[in-house]
Structures are given as C-alpha cells and as structure tokens.
Amino acid sequence: GETREITVLFSDVRGFTSIAESFRNDPSELTNLMNRLLTPLSNAIIERQGTIDKYMGDAVMAFWNAPLDDADHATHAGEAALLMFERVEALNQRLEQEARSAGRRHLPMEFGIGIATGNTVVGNMGSDLRFDYSVLGDTVNLASRLEGLTAQLQVPNLISETTARAVDGQLAVVEVDLVRVKGKSNPERVFSIIGGQALTGDAAFKRFRDGLDNCRELYRSRSFDECHRFVAELDELSRRFGVPGIVEVYRARCDNFLNNPPDEAWDGIYNAETK
C-alpha cells in the first residue's frame, strides 16, 4: 500500500434492528429493501467520484482520492452525503406509499453519515489467501466513530475538522461540538454539513452558524443560563436547516448543569462513551 490523504465516509441505518424484525418472516423482502436502499446510496457516491470499499449489512464505507487522484476529495465526499440524504428521502416517500397501500406500518429509513479526511495507507490488504483494495489508518477509525456519534448529537452527519477546513467556501458547514470519541484521548472539533455552496452566502445560515458559535462559547464558559436562553433563539433556524437536534442537545445539557453543576475538573468536552 501507499500513504496518501483521502476522505473516508461511513453511513449506517438507524434502528435497523427494528426494520429487520418487521421482516422476520420474509428475509427475502428485507434483502430487496436493502438493495433498494444501497443502490441510490452507491450511485450518489459514484456520481461524486467516490470508491465504494465495502457493504456491511445496512452500512456503506467509501473513500475518495484513491485509486484515482481527486484534488477536491473532501468536497466530493460532502456533496455525496447531501445527495445520499436526498435520494433516501425520495425512497422513503415511495416506501410510505407502498406501506399505506398494503395496510402496514411504515418504518422510515433514517441513517447517519460520518466523514473524516487525513493520511491513510491505501492498497491491497488482508491475508495470504485473500485480500481487498482498502484503506487503513486513524482517519478511517475517526470517520466510523463520527458516524456513530451522529445519533448522540442528533445530527444527520458529522465531519472532522480537517474535512471542514477542506470544504470551507464549498459547502455550508457549522461547528457542532468538541468531542472525545471512544478509544481516542485527544478531543476532536466536529462539524456538520447543512447544505451546498449556494447556502454559504445565505444571511439566515450565517446567523445560525454565528449563533451556534456564541452558544458553544457560553456553554464552555459555564454560562449555562445564558446559553439556555440563546439556544431558544436558534430553535426556528435549526428547524429551517433540518438540524433541530443541535439545539435540543445544548438545551438538555444546560438544563442538566443548571440543576447539577459540573465539578471544577469539567472542561466542556463531550466524552462519547459508546461507538
């Protein structure tokens, strides 16, 4: 293998156990459903010059800038993520119509995406008997952790700081939190992609981004009462941009710390206890 900078993407369906249980008497139909999901997701990745590494049940791993060079690999990965959400929204509309016609409950397909950019080893990896063209490195682990963290921070996607810097001006991004992911000692600034380049100059988006920045500063300075009032003002904008969970997370944290103040050792970093 060779060492090169790439961008890695992980996506995973939330609540897949419940979805699979609803097809417990018809596993072939579950297979058909997964094919209907993975096909638009895969097409979105390929359309944005990505390389699909593997499928893991309902999960997809992909990367950019290997084997072919891609100078805008971080931006293309972010664009693919936005396109993946768009495609699944269309799929959910069809599935809801089918469920209504069949008189059964509709379980929407919801998923999270984690993206990280950095140096990895890219090449043929595996055993003496079998190997795959894949990537290995801390960046891969971080992307996987960020995907899992989307549910905890209640956002559709999370990207690393390196990715956020690389897509600056190309995608509309907001900083979400300072997190110490499970298995890593150093905290990571994590961000979320809100929209494409057209949104970067939007006045409302800038107010939302700047408001979140102020909210985080108040939170980390232990001004929980002020932070609580501030997030209330961001509620409408967060819903407008499809990320109301960001506001809910900080509101719940402030409520907790107003009733149970943190000790002197508290550093404002969110420690993720699960993957």
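Please refer to the structure placed before this passage.
Predicted model only: the values in this text are computed from it and were never measured.

K.L.:
Mind laying out the overall build of the chain, listing which residues take part and the relevant values?
P.N.:
Tallying secondary structure elements over the chain gives 9 helices and 9 strands in all. For 275 residues, the compact-globule estimate of 2.2 N^0.38 gives 19 Å, and the chain sits close to it at 20 Å. For the chain, the C-alpha atoms occupy an extent of roughly 55 × 55 × 35 Å along the three principal directions. Looking at the 275 residues of the chain, the share that counts as buried comes to 48%. A separation of at least 24 residues holds for 69% of the contacts in the chain among residues at least 6 apart in sequence. Accessible surface, the chain: about 13,800 Å² in total, of which carbon and sulfur atoms supply 46%. Computing the positive centroid from 30 side-chain charges and the negative centroid from 42, the chain places the two 2 Å apart.

K.L.:
Residue-level account of the packing of aromatic side chains, with values.
P.N.:
This structure, assessed with the given rule, holds 11 aromatic pairs. An angle of 85° between the planes, with centres 5.4 Å apart, marks the rings of Tyr219 and Tyr250 as edge-to-face. Taken as a pair, Tyr219 in helix 7 (residues 203-220) and Tyr250 in helix 9 (residues 244-259) lie far apart in primary sequence, 31 residues in all. Per residue, the accessibility class of Tyr219 equals that of Tyr250, and both read buried.

K.L.:
I'd like to hear about the environment of Gly201, residue by residue, with values.
P.N.:
With respect to the helices and strands, Gly201 occurs in the loop between helix 6 (197-200) and helix 7. Taking the C-alpha atoms as reference, Gly201 lies 47 Å from Pro27; in sequence the two are 174 residues apart.

K.L.:
Account for the environment of Leu68, naming residues and giving values.
P.N.:
Tracing the chain through its elements places Leu68 in the loop between strand 3 (59-64) and helix 3 (73-102). For Leu68, a relative accessible area of 68% corresponds to the exposed category. Along the primary structure Leu68 and Gly50 are separated by 18 residues, whereas in three dimensions their C-alpha atoms are 9.4 Å apart.

K.L.:
Which residues make up unusual backbone geometry, and what values go with them?
P.N.:
Here the amide bond leading from Ala66 into Pro67 is cis, since omega sits at 0°, within 30 degrees of zero. The phi torsion at Gln49 lies on the positive side, around 70°, for a residue other than glycine. Mapping Gln49 onto the fold places it in the loop between helix 2 (27-47) and strand 2 (51-56).

K.L.:
Can you lay out the pairing of strand 5 (residues 131-136) for me, pointing to particular residues and giving the numbers?
P.N.:
Consecutive side chains along a regular strand alternate between the two faces of the sheet. As paired elements, strand 4 (residues 110-126) and strand 5 share 6 bridges and run antiparallel to each other. Pairing of Met125 across the sheet is with Asp132, part of strand 5. Two successive antiparallel strands, strand 4 and strand 5, enclose a turn made up of 4 residues.

Cut-off values and rules
- Numbering of residues starts from 1 in every chain and runs along the sequence as written.
- For this predicted model, a pLDDT threshold of at least 70 governs which residues receive local features, and a threshold of 80 or more governs which side-chain atom pairs are given and counted, while totals over whole chains, interfaces and linings are taken from all residues.
- Heavy atoms from the whole structure form the basis of all side-chain values; hydrogens and water molecules are not counted.
- Segments assigned H or I by DSSP are reported as helices when at least four residues long, segments assigned E as strands when at least two residues long, and all are numbered from the N terminus.
- Using C-alpha atoms as the atom set, the radius of gyration is obtained and then compared with a globule rule of 2.2 Å times the number of residues to the power 0.38.
- Residue exposure (1.4 Å probe, protein chains only): buried if accessible area is under 20% of the type maximum, exposed if over 50%, otherwise partly exposed.
- Any pair of residues with heavy atoms lying within 4.5 Å of one another is described as a contacting pair.
- Accessible areas in this description were obtained via Shrake-Rupley with a 1.4 Å probe; residue shielding takes into account the shown protein chains only.
- Charge convention: Lys and Arg are scored as positive, Asp and Glu as negative, and His as well as the terminal groups of each chain are ignored.
- All charge positions are set by atom: Lys at NZ, Arg at CZ, Asp at CG, Glu at CD.
- The criterion for an aromatic pair is that two Phe, Tyr or Trp rings (for Trp, the six-membered ring) have centres within 6.5 Å, with stacked assigned to planes under 30 degrees apart, edge-to-face to planes over 60 apart and tilted to the rest.
- The pairing criterion for strands is at least two bridges between them, as found by DSSP.

All quantities given are derived from atomic positions and should not be read as evidence of function.
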